[in-house]
Amino acid sequence: MPSPAQASQAKNQGSRLAILRQPILWLTLLYLAFELGFSARLLDVSSGTVSPEMLKDVERIGRSLSGLALALALLPLLLNRADLSWRAKLGSALLLTALCVSGMFWFQSWLVREFTEELDARDRRNAVFLSLAAVALSNGEMRVARLDLGPEGSGSPSAKAFVAAFPALALTKPDLEQDALSVMRQLLRRRITEACEPGAPGCFGTAADFHDMVWLPLYLRVVESYARYSDGAQAYHAARRSIPERQEAAWREYLASRKIRQGSAAERSAIDLAVRNRVEQEADRAAQSIMRDSFGADLPLNLVRFEDFFRHPTIQARMHALLPQPFQALAVSLPMLPAVADENEVQSRVFEPLLQPLIEAQMEPLLAPLADYEDEGRLGERGREAAERVIVPPVALGFSLAGGLGHLFKLGFLLLLIIFPRRQDKPAWHSGLPRAALMGSGVALLVIVTLAQPNSVVESPAYPVLHRYATERFTAAGATTIEWIIRMQAYAYPCNEAIRRHLLFDISYGYQPA
């Protein structure tokens with residue numbers, strides 16, 4: 001038989017390892033895996049190009065996980081009750097989970113709605129620009145002056161977190177509207193001229209591309225058409241110039257056929273008129289046959305200069321019809337295409353007049369009056385979506401990190417039972433206090449160390465200015481939270497992404513990068 005000391009040691013050992021048999025430990029581990037994997041995917045979503053529908057889908061998953069986090073925090077109070085059967089505990093746990101998920105959905109929706117409703121029509125119009133700017137920052141089309149995204153550029157975790165938070169940080173920038181118009185015009189110009197493949201739908205290409213690939217082939221077709229037109233016109237005029245000669249020949253034939261040497265003036269006039277009419281009719285038919293075959297319409301035969309031919313409505317209509325999209329649709333703003341071939345002239349007189357209306361059309365939401373962004377306005381819905389795009393990412397990232405940290409604390413708190421087991425002869429706080437102190441110190445140390453570590457994004461000259469704007473809008477606590485999220489992601493994202501890819505088999509959480 002074991003001695004009393006051995007029995008006591010075995011009992012203590014069993015008490016220390018009892019936590020490994022507790023469902024709450026494994027549920028917490030399972031939750032943490034999905035929460036941390038989701039946190040990585042959420043950062044990708046928040047800093048990428050997503051539709052409002054995809055953003056809402058991912059947001060729903062995040063709120064569900066936040067609700068599960070709350071339920072897991074409360075479950076021990078239920079599971080530790082000795083007066084409940086396992087059936088009652090199971091039913092109560094399911095009810096508690098449903099209530100927590102529903103409650104968290106309501107709370108986060110309310111929180112986003114409160115923040116969004118604080119934004120007036122001007123803020124919502126600015127939010128449209130900032131949402132577009134965040135995407136441009138993410139894909140490298142745009143940069144913030146004096147902001148260092150680090151050696152990895154926009155692909156680094158801190159840069160992704162900055163891109164996600166950028167709309168909220170910059171929303172109260174004093175001269176934002178003026179900057180927005182200038183920046184967006186430049187951005188749109190680059191997108192449709194330089195950052196795309198010439199010939200692709202919606203792509204203008206550069207002025208040189210337009211000259212070489214669009215305008216010059218079209219211009220040369222007109223030159224060829226003018227050559228055919230000139231041949232037909234010259235044949236027509238040559239036929240008309242031959243009328244006196246042919247009249248004289250017809251008169252001689254008439255006299256010979258009558259075997260007379262001189263006819264009357266009336267006879268000569270009749271023959272001259274008949275010859276003229278016949279020659280003119282034949283020349284007209286021949287010329288117009290050429291015109292219809294070549295141009296599909298009867299053209300006047302007095303367009304001597306190439307410029308006159310180029311400006312004729314029939315030729316202009318053919319040129320407009322032969323322009324590829326999107327130029328054809330935009331050419332309505334340039335009804336008279338000029339007869340130019342020089343690259344510089346083509347740029348100034350054709351390319352720019354076609355390009356500017358497209359840019360201005362895409363700029364329209366930023367130029368719309370503020371009344372359009374009121375709740376019942378023409379752009380009210382777009383303004384609300386843009387406002388949510390500003391608010392949701394930092395809020396969702398904050399809740400995700402808070403849930404992850406909270407349950408890391410809880411997991412450590414539970415595992416420390418191995419070192420500080422509960423003792424029957426001691427109150428619960430005797431074991432809980434040192435565990436809470438250790439985990440609390442660990443979490444506090446993690447936060448402090450994160451804030452103290454070098455970070456190229458928040459230490460850039462531009463960031464303190466954005467931090468000040470955020471403080472004015474969201475208080476110092478809100479601005480500091482955003483800064484902490486940016487700093488924290490440098491360490492959290494690589495770990496979370498590894499969990500998502502390897503432990504959770506590359507789960508997408510409903511998001512597929514473009």
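Scope of this entry: the structure provided in the associated data block. In this text, all values refer to a predicted model and were calculated from it rather than measured experimentally.

### Considering the packing of helix α3 (residues 52–79) against helix α4 (residues 86–117)
In a packed pair of helices, the relevant descriptors are the angle between the two axes and the axis-to-axis distance. Running from amino to carboxyl end, α3 crosses α4 at an angle of 135°, the nearest separation of the two axes being 7 Å. As judged from the angle between their axes, α3 and α4 are oblique. In the crossing of α3 with α4, the sense of the turn from one axis to the other is right-handed. When its residues are assigned to classes, the contact of α3 with α4 shows 14 nonpolar, 7 polar and 4 charged.

### Quick look at the side chain of Glu35
Topologically, Glu35 is positioned in helix α2 (residues 23–46). It is Arg63 that comes nearest to the buried, bridge-free Glu35 among opposite-charge side chains, at 12 Å. Apart from the residues lying within four places of it in its own chain, the contact partners of Glu35 are Leu65, Ser66, Ser400 and Gly404.

### Topic: the state of the cysteines
Applying the stated rule across the entire model yields 1 disulfide. At a sulfur-sulfur separation of 2.0 Å, the disulfide partner of Cys196 is Cys203. Note on the Cys196 and Cys203 pair: the S-S dihedral is about 75°, so by sign convention the disulfide is right-handed.

### Some details on the packing of aromatic side chains
Applying the stated criterion across every chain yields a total of 20 aromatic pairs. Their ring planes at 15° and their centres at 6.2 Å tell us that Phe409 and Phe413 sit as a pair that is stacked. Taken together, the positions of Phe409 and Phe413, both in helix α15 (residues 380–415) and 4 residues apart, correspond to about one turn of that helix. The rings of Phe204, Phe210, Trp215, Tyr219, Tyr226, Tyr229, Phe306, Phe309, Phe310, Phe327 and Phe351 are connected pair by pair, giving a single aromatic cluster. Positioned above the aromatic ring of Phe413 is the side chain of Arg435, whose terminal nitrogen or guanidinium carbon lies 4.0 Å from the ring centre.

### Things to note about the pattern of salt bridges
Counted according to the given criterion, the structure contains 27 salt bridges. Ionic pairing is found between Arg63 and Glu59, a salt bridge with its closest N-O pair at 2.2 Å. Here Glu59 and Arg63 lie together in helix α3, a separation of 4 residues that amounts to about one turn. The exposure class of Glu59 is buried, given its relative accessible area of 12%. A salt bridge links Asp175 to Lys173, with the shortest nitrogen-to-oxygen separation between them at 2.5 Å.

### Observations concerning helix α14 (residues 343–367)
Largest kink in α14: about 40°, centred on Phe351, with the proline Pro353 one to four residues after it. Each element contacted by the buried residues of α14 is listed here: α5 (121–138), α7 (176–193), α8 (207–241), α13 (327–330) and α15.

### Quick look at a nonpolar patch on the surface
Judged by side-chain polarity, Leu20, Trp26, Leu29 and Leu415 come together as a nonpolar surface patch covering roughly 350 Å² of accessible area. Counting through the fold element by element, Leu20 comes out in the loop between α1 (4–17) and α2. Classification of Leu20 as partly exposed rests on a relative accessible area of 36%.

### Here we look at α4
Taking 1.5 Å of rise per residue, 32 residues should cover 46 Å, and α4 covers 46 Å from first to last C-alpha, within 8% of that figure. Where α4 is concerned, the buried positions are Lys89, Ala93, Leu96, Cys100, Val101, Met104, Gln108, Leu111, Val112 and Thr116. Looking at the buried positions of α4, the neighbouring elements they touch are α3, α5 and α15.

### Some points on unusual backbone geometry
Phi at Phe505 takes a positive value of approximately 55°, unusual for a residue other than glycine. On the secondary structure map, Phe505 appears in the segment after α17 (463–503). We note that Tyr509 has phi near 55°; this positive angle belongs to a residue other than glycine. Along the chain, Tyr509 turns up in the segment after α17. The buried category is assigned to Tyr509, whose relative accessible area is 7%.

### Comments concerning the environment of Leu366
Within the fold, Leu366 resides in helix α14. In this structure Leu366 comes out as buried when scored by relative accessible area, which is 11%. Each C-alpha atom, one on Leu366 and one on Leu218, is 35 Å from the other, the two residues being 148 residues apart in sequence. When neighbours within four sequence positions are excluded, Leu366 is seen to be in contact with Arg125, Val128, Phe129, Ala180, Leu181, Met184 and Tyr373.

Thresholds, definitions, all that
- Counting from 1, residues in each chain are numbered in the order their sequence is written.
- Where local features are concerned, this predicted model is filtered to residues with pLDDT of at least 70; where side-chain atom pairs are given and counted, the filter is 80 or more; whole-chain, interface and lining totals use all residues.
- Values reported for side chains reflect all heavy atoms of the structure, with hydrogen atoms and water molecules removed beforehand.
- Only the stretch in contact is used when a helix axis is fitted, and all axes are lines through C-alpha atoms; the angle between N-to-C directions ranges over 0 to 180 degrees.
- Counting from the N terminus, the helices are the DSSP runs of H or I reaching at least four residues and the strands are the DSSP runs of E reaching at least two.
- Put simply, angles under 35 degrees are roughly parallel, angles over 145 are roughly antiparallel, angles from 65 to 115 are roughly perpendicular, and the rest are oblique.
- Each crossing gets its hand from how the near helix is turned against the far one by less than a right angle, where anticlockwise is left-handed and clockwise is right-handed.
- Ten residue types, Ala, Val, Leu, Ile, Met, Phe, Trp, Tyr, Cys and Pro, are classed as nonpolar, four, Asp, Glu, Lys and Arg, as charged, and the remainder, Gly among them, as polar.
- Burial classification: accessible surface area is computed with a 1.4 Å probe over protein chains only, and a residue below 20% of its type maximum counts as buried, one above 50% as exposed, and the rest as partly exposed.
- Residues counted as positive are Lys and Arg, residues counted as negative are Asp and Glu, and His and the chain ends are not counted.
- Salt bridge, as applied in this entry: a Lys or Arg side-chain nitrogen positioned within 4 Å of an Asp or Glu carboxyl oxygen.
- We call two residues in contact whenever any of their non-hydrogen atoms come within 4.5 Å of each other.
- What counts as a disulfide here is a pair of cysteine sulfur atoms lying within 2.5 Å.
- Here the aromatic set is Phe, Tyr and Trp, taking the six-membered ring for Trp, and pairing holds for ring centres within 6.5 Å; pairs whose planes are under 30 degrees apart are stacked, those over 60 apart are edge-to-face, and all others are tilted.
- Two thresholds decide whether a charge sits over a ring: the Lys NZ or Arg CZ must be within 6 Å of the ring centre and within 35 degrees of the ring normal.
- Two axes define the bend at a residue: one fitted to the seven residues ending there, one fitted to the seven starting there, and the bend is the angle between them.
- To count toward a patch, a residue needs a relative accessible area over 30% and no salt bridge; like charges are then connected within 9 Å, while nonpolar side chains (Val, Leu, Ile, Met, Phe, Trp, Tyr) are connected within 5 Å.
- Working definition of accessibility: Shrake-Rupley area with a 1.4 Å probe, residue cover restricted to the visible protein chains.
- Expected helix span is computed as 1.5 Å times (number of residues minus one).

Functional significance is not addressed by these values, which are geometric in nature.
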